[in-house]
Amino acid sequence: MTGTLAIVGFGLSTIGPGTATGLIFAAYINGVARQPEARSILQPIAFLGFALAEALALFGLVLAFVLK
Amino acid sequence: MRALWSQANPGFVPPSSADFNFEPIFGNSILFTKPVLLVFLSVIIAGSFFTLSARKAAIVPSKLQFAGESIYTFIRNELGRDVIGPEFMRFVPFLFSLFIFILTNNIFGIVPLIQFPTMSHIGFPIGVTIFSYVAYHYVAIKKHGLGKYVKDICFMPGIPKPVYLILTPVELLTYLVTRPLTLSMRLFANMFAGHLLLLVFVLGGEYLLTSGLILKFLSLFSFGFAIGLSFFELGIQALQAYIFTLLTALYIAGALADEH
């Protein structure tokens, strides 16, 4: 069997950002559920955090292609 | 990876980064490839859309005017006023063009017959990032002066002295390297991954369609997934344009702030 470990490494590296994204949206949902009028304030913060966490997974994807 | 696949089923070639290279449309110049033409197309589309929507401005807006104005209002209020603060009006044109340019180029990724997000070539996000990189440094230097700006970055006030040993390099790196790097990489990688995902399902479906009878039916699922993911991609594409503009606005807001 042949292949590259980079893909496996990328799979493993998505665990962190995946967990992080889940936590961010859990906190966002919690906040909105407790205080629905805070939604417009929380939304950009939640998406910003999501983007920052998700970027790490995407760096992994790029590296998986670069280091083939 | 390719070797593994070709052993299992010799006909299927999984999509790779090679699928993102295009032949020049005419001549040998790399200036005339599909992505470059798409950039010009995006400028024409966005320009004519907003010219048309603003041409016959009326108190009771037409549908077109309403569409144009609601996008503008969204950028001005959500990204300008709420993020940058009292001086936001100066930056609204910049943020607005940034958002529209990235959005149009991203959405090309799911428009039938075009189906290629321009920003999945790293050169284009870098080009856009240079604008926001120059913008937030320029704003800060103009507001505080070069000396105070560098001092603010290197030596944040109100922190015990030994901490500067770690903080100064980290802050310098953040402002000069990490910010533009993450800004361009995020946009590029999102579009790259999205396009690759669609390619996997479309090419997979195409391959299934050319194989045995039972597999032909399975190709329906593959194409169905591709269509579903196209709508998912629409969300990602709009979100990435929003995130890019939001981060630029945040950096400009940081540059305008009196203390870091």
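Residues numbered from 1 in each chain as written. Chains lettered and ligands numbered in written order. Predicted model: local features only at pLDDT ≥ 70, side-chain atom pairs only at ≥ 80, totals over all residues.

Caption draft 1: Expanded view of the overall build of chain B. Scanning chain B for helices and strands turns up 8 helices and 0 strands. Counted from the first residue to the last, chain B has its helices and strands arranged as α-α-α-α-α-α-α-α. A globule of 260 residues ought to have a C-alpha radius of gyration of about 18 Å, yet chain B, at 23 Å, is considerably larger. Overall, chain B is about 70 × 60 × 40 Å in size when its C-alpha atoms are taken along their principal axes. Looking at chain B as a whole, 28% of its 260 residues qualify as buried. Considering only residue pairs separated by 6 or more positions, chain B has 63% of its internal contacts joining residues 24 or more positions apart. (Helix = DSSP H or I, 4+ residues; strand = E, 2+ residues; numbered from the N terminus. Rg over C-alpha atoms; globule rule 2.2 N^0.38 Å. Buried ≥ 20, exposed ≤ 12 C-beta atoms within 10 Å, placed from the backbone. Contact = placed C-beta atoms within 7 Å.)

Caption draft 2: Geometry of the interface of chain A and chain B. The interface is formed by 15 residues belonging to chain A together with 13 residues belonging to chain B. Element by element, the count of residues in the side of chain A that touches chain B is highest for helix H3 (residues 39-66) of chain A, at 10 residues.

Caption draft 3: The UniProt feature "transmembrane region" (unreviewed entry) in chain A, seen in detail. All names here are of chain A. Here, the residues flagged by UniProt with the feature "transmembrane region" (unreviewed entry) are residues 6-29 and 41-67. Taken end to end, residues 6-29 is 96% helix and 0% strand, and its first and last C-alpha atoms sit 35 Å apart. In the segment residues 41-67, helix accounts for 96% and strand for 0%; the C-alpha atoms at its two ends are 40 Å apart. (UniProt positions renumbered as here; feature names shortened; annotations may be inferred.)

Caption draft 4: Focus on helix H2 (residues 34-55) of chain B. All names here are of chain B. Relative to the 32 Å expected for 22 residues at 1.5 Å per residue, H2 spans 31 Å between its end C-alpha atoms, a close match to the ideal helical length. Listed as buried for H2 are Leu38, Ser42 and Ser53. Down the axis of H2, the sector holding all buried residues measures 50 degrees, keeping them to one side. What points out from H2, more than 90 degrees from its buried face, is the exposed set Phe40, Ile44, Ser48, Thr51 and Arg55. Check the buried side of H2 and you find it contacts helix H3 (63-84) and helix H4 (92-107). (Expected span 1.5 Å × (residues − 1). Arc of directions from axis to C-beta.)

Caption draft 5: Spatial organisation of the nonpolar core. Grouped together as the largest cluster of nonpolar side chains are 39 residues, with contacts concentrated most on B:Phe99, B:Ile102, B:Phe244 and B:Ile252. The set of elements that each furnish at least two residues to this core consists of H3 of chain A together with H3, H4, helix H5 (123-144), helix H7 (164-209) and helix H8 (213-256) of chain B. Per element, the largest residue contribution to this core is 11 residues, and it comes from H8(B). With residues up to four places along the chain from it excluded, the contact list for B:Ile252 reads B:Ile84, B:Phe91, B:Ala135, B:Tyr136 and B:Val139. (Core = buried A, V, L, I, M, F, W, Y, C linked by C-beta atoms within 7 Å.)

Caption draft 6: Representation of the packing of helix H2 (residues 15-34) of chain A against H3(A) in the model. All names here are of chain A. Interhelical geometry of H2 versus H3 gives an angle of 175 degrees and a closest axis separation of 8 Å. By the angle between their axes, H2 is roughly antiparallel relative to H3. Contacts from Gly16, Pro17, Ala20, Thr21, Ile24, Phe25, Tyr28, Gly31 and Val32 of H2 reach H3 at Arg39, Leu42, Ala46, Gly49, Phe50, Ala53, Glu54, Leu56 and Ala57. Across the contact of H2 with H3, the residue classes break down as 12 nonpolar, 4 polar and 2 charged. (Axes fitted to C-alpha atoms, helices over the stretch in contact; angles between N-to-C directions. Parallel < 35°, antiparallel > 145°, perpendicular 65-115°, else oblique. Nonpolar A, V, L, I, M, F, W, Y, C, P; charged D, E, K, R; others polar.)

Caption draft 7: Region of interest: the UniProt feature "domain: V-ATPase proteolipid subunit C-like" (unreviewed entry) in chain A. Under the present numbering, the feature "domain: V-ATPase proteolipid subunit C-like" (unreviewed entry) in UniProt falls on residues 7-67 of chain A. In this annotation, residues 7-67 of chain A is assigned 90% helix and 0% strand; the end-to-end C-alpha distance for the span is 10 Å.

Caption draft 8: Main features of the confidence of the model for chain B. Residue and element names in this part refer to chain B. Mean pLDDT over chain B stands at 87; residues scoring 70 or higher make up 95%. When the elements of chain B are averaged for pLDDT, helix H1 (residues 2-8) gives the smallest value, 49, and H4 the largest, 95. Here residues 1-6 is a poorly scored stretch, pLDDT under 50, and it has 11 contacts once near neighbours within four places are set aside; other chains count. Model confidence for the complex: the whole-complex pTM is 0.87, and ipTM, which rates the interface, is 0.80. (pLDDT = per-residue confidence, 0-100.)

Caption draft 9: Spotlight on the packing of H3(B) against H4(B). Residue and element names in this part refer to chain B. Contact geometry for H3 and H4: axes closest at 10 Å, N-to-C directions at 115 degrees. As H3 packs across H4, the resulting crossing turns out to be right-handed. Contacts between H3 and H4 involve Tyr72, Ile75, Arg76, Leu79 and Gly80 from the former and Val92, Leu95, Phe96 and Phe99 from the latter. Of the residues that constitute the contact of H3 with H4, the class distribution is 7 nonpolar, 1 polar and 1 charged. (Left-handed = near helix turned anticlockwise from the far one by under 90°.)

Caption draft 10: Just H3(B), in detail. Residues and elements named next belong to chain B. With 22 residues, H3 ought to run about 32 Å at 1.5 Å a step, and its terminal C-alpha atoms sit 30 Å apart, in line with that. The largest bend in H3 is about 25 degrees, located at Arg76. Listing the buried residues of H3 in full gives Gly68, Ile75, Leu79, Gly80, Val83 and Ile84. Here the buried face of H3 lies against H2, H4 and H8. Gly85 sits one or two positions beyond H3 and adopts a positive phi of about 100 degrees. (Bend = angle between axes of the 7 residues up to and from the residue.)

Caption draft 11: Spotlight on unusual backbone geometry. All names here are of chain B. Notably, Leu113 is not glycine yet its phi reads approximately 75 degrees, a positive angle. As for its placement among the helices and strands, Leu113 is situated in the loop between H4 and H5. Residues other than glycine seldom take positive phi values, yet Gln115 does so here, at roughly 45 degrees. Structurally, Gln115 can be placed in the loop between H4 and H5.

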